[in-house]
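Structure at a glance
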Amino acid sequence: MAKEQQYDQETQHSKLMIDHDYDGIKELDNPPPPWLMMIFYGTIIWSVFYVFYYNIFDGPSQEDEYNTELAEAKASVPQSTFDETKITLLADAAVLSEGEKMYASKACDACHGVTNIGPNLTDEFWIHGNNIANVFKVIKYGIPEKGMTPFKDQMTDEQIQQLSSYVISKMKGMATANTKGPQGDKYE
Ligand code: HEC
């Protein structure tokens, strides 16, 4: 009996005992610690605000939040002011020499000179026209079905503009013995 009393003092079972009895089975009211209950009730209170804000007053859904963040991120990326529909021919000597370097580094000559896979770029005959907008588009988007590589993933628009300017203003007359004959229409 002494042992039972000691056990009861330590555990306080007799105080926690709920006053009901089912076929000799008894129940203790043994609540969790207050801090845990606070969190528990806190979540219930929180849920009320949550339901009102998001489900009743139409707070932003996850999709809305995603779209807003995406729009903000897009706005924060500096937009190129380049407009390929209003492109101009550049004449600056430094720019044209940049164009010449690109012509060499992108191995344009491999098709437009050495192997003659592509038309020559040194005469007055052009398949797609020799104004800056046309040449720019051919180099940027390529003519894949005819074997002209698109260069849009390898160069920026500004670089393609420089390269196009070089092709138009500097290459005329650079033909070699190997150069392909005229193709396309004559442009003065
Ligand atoms: C893999 C071969 C190949 C490479 C590399 C290539 N081209 Fe071409 N290019 C072609 C072919 C083929 C055409 C003809 C397309 C057609 O018939 O419509 C062409 C067409 C062109 C035209 C239009 C010519 C016209 O008569 O209208 C230009 C300008 C041009 N290329 C510039 C370049 C430049 C600049 C480079 C390097 C950045 C380059 N190409 C690299 C194959 C190539």
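Our subject is the structure that appears above.
This section reports on the structure supplied with the text. (Residues numbered from 1 in each chain as written. Predicted model: local features only at pLDDT ≥ 70, side-chain atom pairs only at ≥ 80, totals over all residues. Heavy atoms only, no water.)

1. Some points on a nonpolar patch on the surface
Residues Trp46, Val48, Tyr50, Val51, Phe52, Ile56 and Phe57 make up a contiguous nonpolar surface patch of about 770 Å² in total accessible area. By secondary structure assignment, the location of Val51 is in helix H3 (residues 34–56). (Patch = residues over 30% accessible without salt bridge, like charges linked within 9 Å, V, L, I, M, F, W, Y side chains within 5 Å. Areas by Shrake-Rupley, 256 points an atom, 1.4 Å probe, with all protein chains shown as cover. Salt bridge = Lys/Arg side-chain N within 4 Å of Asp/Glu carboxyl O. Helix = DSSP H or I, 4+ residues; strand = E, 2+ residues; numbered from the N terminus.)

2. Overview of the coordination of the iron atom of the ligand
Coordination angles at a metal have ideal targets, namely 109.5 degrees for four tetrahedral donors and 90 or 180 degrees for six octahedral donors. In the first shell of the iron atom of the ligand, the protein supplies His112 (NE2) and Met148 (SD), at 1.9 to 2.0 Å from the metal. What the six donor atoms of the iron atom of the ligand show is an angle range of 87 to 178° at the metal, which sorts the shape as octahedral. You can see His112 sitting in the loop between helix H5 (93–105) and strand S3 (125–126) and its partner Met148 sitting in the loop between helix H6 (132–141) and helix H7 (157–170), a full 36 residues away along the chain. (Donors = N, O, S within 2.8 Å, 3.2 Å for Na, K, Ca; no water. Tetrahedral: all angles 85-135°; square planar, octahedral: opposite > 155°, others 65-115°.)

3. Thoughts on the pairing of strand S1 (residues 17–22)
Two elements, S1 and strand S2 (residues 25–28), share three bridges in a ladder whose sense is antiparallel. Considered in S2, the bridge of Met17 is made with Leu28. Count of turn residues in the S1/S2 antiparallel hairpin: two residues, of which Asp23 carries a positive phi of about 50°. (Pairing = 2+ DSSP bridges.)

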